[in-house]
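Structure at a glance
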Amino acid sequence: MKIRKTPIMDGQAPVNVYIYENRKEEYIVLAIPTLEWSFSFSYGEEAGSVTERLEASLQKRLDHERAAALTAQLLAWAREM
């Protein structure tokens, strides 16, 4: 599991983002406890589909602009795994 920090809103202190990869079952889980939010996707899912679902999920908690930026950041971190 990796832990990253990112500000959720401009001017706020960074919060923890947890990234868990299960290589045996081939999926990744992203979680931001401060937002009471989590998201999972499998290795086999199409990248465009994951991006759309992830951004839609984040938009339930954040504004469109911040959700889009955070989506890109989360996917980049997930690719590092």
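Residues numbered from 1 in each chain as written. Predicted model: local features only at pLDDT ≥ 70, side-chain atom pairs only at ≥ 80, totals over all residues. Heavy atoms only, no water.

**Notes on the pairing of strand β2 (residues 15-22)**
- Relative to β2, strand β1 (residues 2-6) runs antiparallel, the two being bridged by 5 bridges. Note on β2: the bridge partner recorded for K5 is N16.
- In terms of strand pairing, β2 meets strand β3 (residues 27-32) through 5 bridges, oriented antiparallel. Bridge assignment links Y18 to a residue of β3, and that residue is A31.
- Between the end of β2 and the start of β3, which pair antiparallel, lie 4 residues, with E26 showing a positive phi angle near 60°. (Pairing = 2+ DSSP bridges. Helix = DSSP H or I, 4+ residues; strand = E, 2+ residues; numbered from the N terminus.)

**Considering the pattern of salt bridges**
- For the coordinates displayed, the defined rule picks out 4 salt bridges.
- A salt bridge links K2 to E80; its shortest N-O distance comes to 3.8 Å. Taken together, the positions of K2 in strand β1 and E80 in helix α2 (residues 64-80) put the pair 78 residues apart, joining distant regions of the chain.
- Taking relative accessible area as the criterion, E80 reaches 45% and is therefore assigned partly exposed.
- A salt bridge links R23 to E21, with the nearest nitrogen and oxygen atoms 3.2 Å apart.
- Accessibility expressed as a relative area gives 17% for E21, which makes it buried.
- Overlapping salt bridges, with partners in common, bring together K2, R4 and E80 in one network. (Salt bridge = Lys/Arg side-chain N within 4 Å of Asp/Glu carboxyl O. Buried < 20%, exposed > 50% of the residue type's maximum accessible area, 1.4 Å probe, protein only.)

**Observations concerning the packing of aromatic side chains**
- The tally for this structure, following the rule as stated, stands at 3 aromatic pairs.
- A centroid spacing of 6.3 Å and a plane angle of 0° characterise the contact between W37 and F39, whose relative ring orientation is stacked.
- You can call F39 buried: its relative accessible area is 6%.
- Here the aromatic rings of F39 and F41 are separated by 6.1 Å at their centres, their planes lie at 40°, and the arrangement is tilted. (Phe/Tyr/Trp six-rings, centres within 6.5 Å; stacked < 30°, edge-to-face > 60°.)

**Structural notes on helix α1 (residues 47-59)**
- Over its 13 residues, α1 extends 18 Å from the first C-alpha to the last, a length consistent with the 18 Å expected when each residue adds 1.5 Å.
- Among the residues of α1, those classed as buried are V50, L54, E55, S57 and L58. Seen end-on, α1 carries its buried residues on one side only, within an arc spanning 160°.
- Summarising the contacts, the buried residues of α1 are in contact with β3, β4 (37-42) and α2. (Expected span 1.5 Å × (residues − 1). Arc of directions from axis to C-beta. Contact = heavy atoms within 4.5 Å.)

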